[in-house]
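The chain contents come next:
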Amino acid sequence: MNRNDTLSIILQEKAVAIIRLDQPDAVQPVAAALADGGIKVLEITMGTPGVLKHITALIKQRPELTIGAGSVLDETTARLAILSGAQFLVTPVMKTGIIQTAHRYDIPVLIGAFSPTEILAAYEAGADMVKIFPAEVLGIPFIRAVKAPMPQLRLMPTGGVTVDNAAEWIAAGASALGVGSALVDKKLVAQQNFSQITENARQMVENLKG
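This write-up is about the structure you can find in this document. (Residues numbered from 1 in each chain as written. Predicted model: local features only at pLDDT ≥ 70, side-chain atom pairs only at ≥ 80, totals over all residues. Heavy atoms only, no water.)

**What to know about the environment of F142**
Link 1 in the chain: Of note, F142 is situated in helix α8 (residues 140-147).
Link 2 in the chain: Take F142: its relative accessible area is 16%, and that puts it in the buried class.
Link 3 in the chain: Along the chain, F142 and W169 lie 27 residues apart, while their C-alpha atoms are 9.9 Å from each other.
Link 4 in the chain: Ignoring anything within four residues of it in the chain, the contact list for F142 reads F114, P116, I119 and I132. (Helix = DSSP H or I, 4+ residues; strand = E, 2+ residues; numbered from the N terminus. Buried < 20%, exposed > 50% of the residue type's maximum accessible area, 1.4 Å probe, protein only. Contact = heavy atoms within 4.5 Å.)

This is the structure:
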């Protein structure tokens, strides 16, 4: 699968579930619960213990899923994630070197930015999508405001996205959504209540269809 194929999947699915956990044993069952609910694009953050092994395992075990690495902060980490099988990269900040590394291996990169200037700089540097972070600080109207003069941008707000407001972000002009605790609630994980994670995922998928 090449860069354009992966990007097309992200744009089609719209929801990117962010797995950021302290317990490495929970990664696989959480991924399975999300998949059972219809979420097919998963981002596992680099701070999750054993993240590279989890990426490699999920790529092999769940070929129907698209697995990326999140919280990538430098080129070395980007390359390690890619060599472990990551099909896309996500950063919280604007780093042109990570864009170059990702494209060298023909995979898309979602670059973090906050201000309109940073967003445009990321786009002009070749980011396949710009992750608006932290989006809860800016709010849904910000997406609409930025898209008005720059409709060519592909934006992925991350932070503040919930099951209930997901469709509103898309209606405002977001191309995809980074979804963390609304799908991977750490309390549910601690309780091993994976069926509720599946239900949350299913509800988000339904809301995005509407």
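Now, onward.
**A look at the environment of T162**
Link 1 in the chain: Within the element layout of this structure, T162 appears in the loop between β7 (155-157) and α9 (166-171).
Link 2 in the chain: Residues T162 and G37 lie 125 residues apart in sequence; the distance between their C-alpha atoms is 15 Å.
Link 3 in the chain: Those residues in contact with T162 that sit more than four places away from it in its chain are A182 and M204.

**Notes on the nonpolar core**
Link 1 in the chain: One finds L34 and L89 to be the most contacted residues of the largest nonpolar core, which totals 63 residues.
Link 2 in the chain: Looking at this core element by element, the count peaks at six residues for helix α2 (residues 27-36).
Link 3 in the chain: What L34 contacts, discounting residues up to four positions off in sequence, is A17, I19, I39, L42, L183, V184, I197 and A201.
Link 4 in the chain: In this structure, L7, I10, F88 and M156 belong to the second largest nonpolar core, which totals ten residues. (Core = buried A, V, L, I, M, F, W, Y, C linked by side-chain atoms within 4.5 Å.)

**Regarding the packing of aromatic side chains**
Link 1 in the chain: Taken as a whole and assessed by the stated rule, the structure comprises zero aromatic pairs.
Link 2 in the chain: Directly above the ring of F133 sits K131, whose terminal nitrogen or CZ lies 4.8 Å from the centroid. (Phe/Tyr/Trp six-rings, centres within 6.5 Å; stacked < 30°, edge-to-face > 60°. Lys NZ or Arg CZ within 6 Å of the ring centre and 35° of its normal.)

**Considerations on helix α4 (residues 75-83)**
Link 1 in the chain: Inspection of α4 places T77, A78, A81 and I82 among the buried residues, and these make up the whole buried set. Buried residues along α4 cover an arc of 135° about the axis, so they all sit on one side. α4 presents T76 and L83 as exposed residues on the side facing more than 90 degrees away from its buried surface.
Link 2 in the chain: Those residues of α4 that are buried lie in contact with α3 (51-61), β3 (66-70), β4 (89-90) and α5 (96-104).
Link 3 in the chain: Phi for G85, located one or two positions after α4, is positive at around 115°. (Arc of directions from axis to C-beta.)

So far we have only geometry, and geometry alone does not tell us how the molecule works.
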